[in-house]
Amino acid sequence: QKTEDKQVEETQQKKESEFRNKPLVTDIYTADPSAHVFENRLYVYPSHDVDAGVKEDDFGGHFDMRDYHVFSMDSVGGKVTDHGVALSVDDVPWAARQLWAPDAAKKGDSYYLYFPAKDKDGVFHIGVAVASRPEGPFKAEKLPIKGSLSIDPAVFKDDDGAYYMYLGGIWGGQLQNWRTGEYDHHTKTPYDNEPADDEPAIGPRVARMSDDMLQFDEKLKEIRILDKEGNPILAGDHDRRFFEAAWVHKYKGKYYFSYSTGDTHYIAYATGDSPYGPFTYQGNILNPVEGWTNHHSIAEFNGQWYIFYHDTELSGKTHLRNIKVSPLKHREDGTIETISTVTE
Ligand code: FUB
């Protein structure tokens, strides 16, 4: 029995070393991968990076994406199928540009693609599009979700069947411009409405979804991320404060809220006992990768946990990224092992 177990472990390790830290898609640029298991298959909903010729700026104008492709695989390390264009900005009545990091959810027989885009006034909102298959094609609603703002939607289904959307991103993601409740159209830099360094950092937002999955069922609430003493993480604490790329998974009854720290380039995580938080900062899941942005998702497939992420291996350019996957390990005490993909 021991030899058999060893053999299984060795085969698994060999398979893992073959896909670990390798681009999953090489013929187009992909980023911000949101992974879900639907119909016993692993589906990935990434951004589709393109070189639109927009000069790099602090608002992220060079991330000027226009459509989404959906990818799927029947095993991690197996063939990755590109299902083609699932939604294009031209088919979203309210959206003008910049289709940033999406996510997807299934409820009943329908699939929902959630995506951020700038409207004609240059303000980010979250849209939703519906399909009868996980790969689409998706049909967009005429208007964005009422009360939605900023970027990076992530939809989490709790064990009781309730769905929650997490969202937000500061700087180019505009979350700081909503501090009064109304959007501030007069900012000149992405840093204008940031709190002082010794004030609590701006928190991501969460709302439960309506039954039909097309709206929020309540007002967006701000999530608090605390240190181990129970104090809010401060805006000046760039190693730990929330920047963008929210994701929630549940493990052994605990809610794990993970996110990018932006300019310090970590994927950090915090844990809590409710989908609304508060969440207590625990550490880093993923160290900085090649390229400025770091954005991930976490999913369990066939009994193994994985982190999907991106870097810039194929292009060397920060806005032309490629998605990757690596196994993720929860330790016995509930903490997560930190992954490093760049060797110093
Ligand atoms: O892909 C555009 C933006 O870059 C995403 O929305 C952010 O999370 C960052 O990865």
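(A) Just the site of the ligand, in detail. Close to the ligand lie Asp 32, Ser 47, Met 65, Trp 100, Ala 101, Asp 152, Glu 244, Thr 293, His 295, His 310 and Arg 321, which account for all nearby residues. Asp 32 is positioned with one of its side-chain polar atoms (N or O) 2.5 Å from an oxygen atom of the ligand. Residue Arg 321 places a side-chain N or O atom 2.7 Å away from an oxygen atom belonging to the ligand. Burial of the ligand by the protein amounts to 98% of the accessible area it has alone, namely 280 Å². The pocket occupied by the ligand, as judged from atoms lying within 2 Å of grid points, is the second largest pocket. Considered class by class, the residues forming the shell around the ligand number three nonpolar, four polar and four charged.

(B) Summary view of the sheet that holds strand S1 (residues 29-38). In spatial order, the strands read S1-S2-S3-S4; together these four strands make up an open sheet with antiparallel pairing. Because the sheet does not close on itself, it has two edges, and the strands there are S1 and strand S4 (81-88). Going from strand to strand, the sheet's axes swing by 25° on average, the running direction of each strand aside. Pairing geometry for strand S2 (residues 41-49) and strand S3 (residues 67-73), over three bridges, is antiparallel. Across the sheet, residue Tyr 43 finds its bridge partner in S3, namely Ser 72.

(C) A look at the sheet that holds strand S19 (residues 297-301). The three strands lie next to each other as S19-S20-S21, forming an open sheet whose pairing is antiparallel. The open sheet has two free edges, formed respectively by S19 and strand S21 (322-327), since each of these has just one partner strand. In this sheet, neighbouring strand axes are inclined to one another by 30° on average, regardless of whether the strands run parallel or antiparallel. Relative to S21, strand S20 (residues 304-311) runs antiparallel, the two sharing six bridges. Bridge assignment links Ile 307 to a residue of S21, and that residue is Ser 326.

Conventions used here
Residues numbered from 1 in each chain as written. Predicted model: local features only at pLDDT ≥ 70, side-chain atom pairs only at ≥ 80, totals over all residues. Heavy atoms only, no water. Near = heavy atom within 4 Å. Polar contact = N/O pair within 3.5 Å; in protein donor to acceptor, adjacent residues only side chain to side chain. Areas by Shrake-Rupley, 256 points an atom, 1.4 Å probe, with all protein chains shown as cover. 1 Å grid on protein atoms, 1.4 Å probe; cavity = no way out; pocket = protein on both sides within 12 Å on 5 of 7 lines; lining within 4 Å. Sits in = over half its atoms within 2 Å of the grid points. Nonpolar A, V, L, I, M, F, W, Y, C, P; charged D, E, K, R; others polar. Pairing = 2+ DSSP bridges. Helix = DSSP H or I, 4+ residues; strand = E, 2+ residues; numbered from the N terminus. Axes fitted to C-alpha atoms, helices over the stretch in contact; angles between N-to-C directions.

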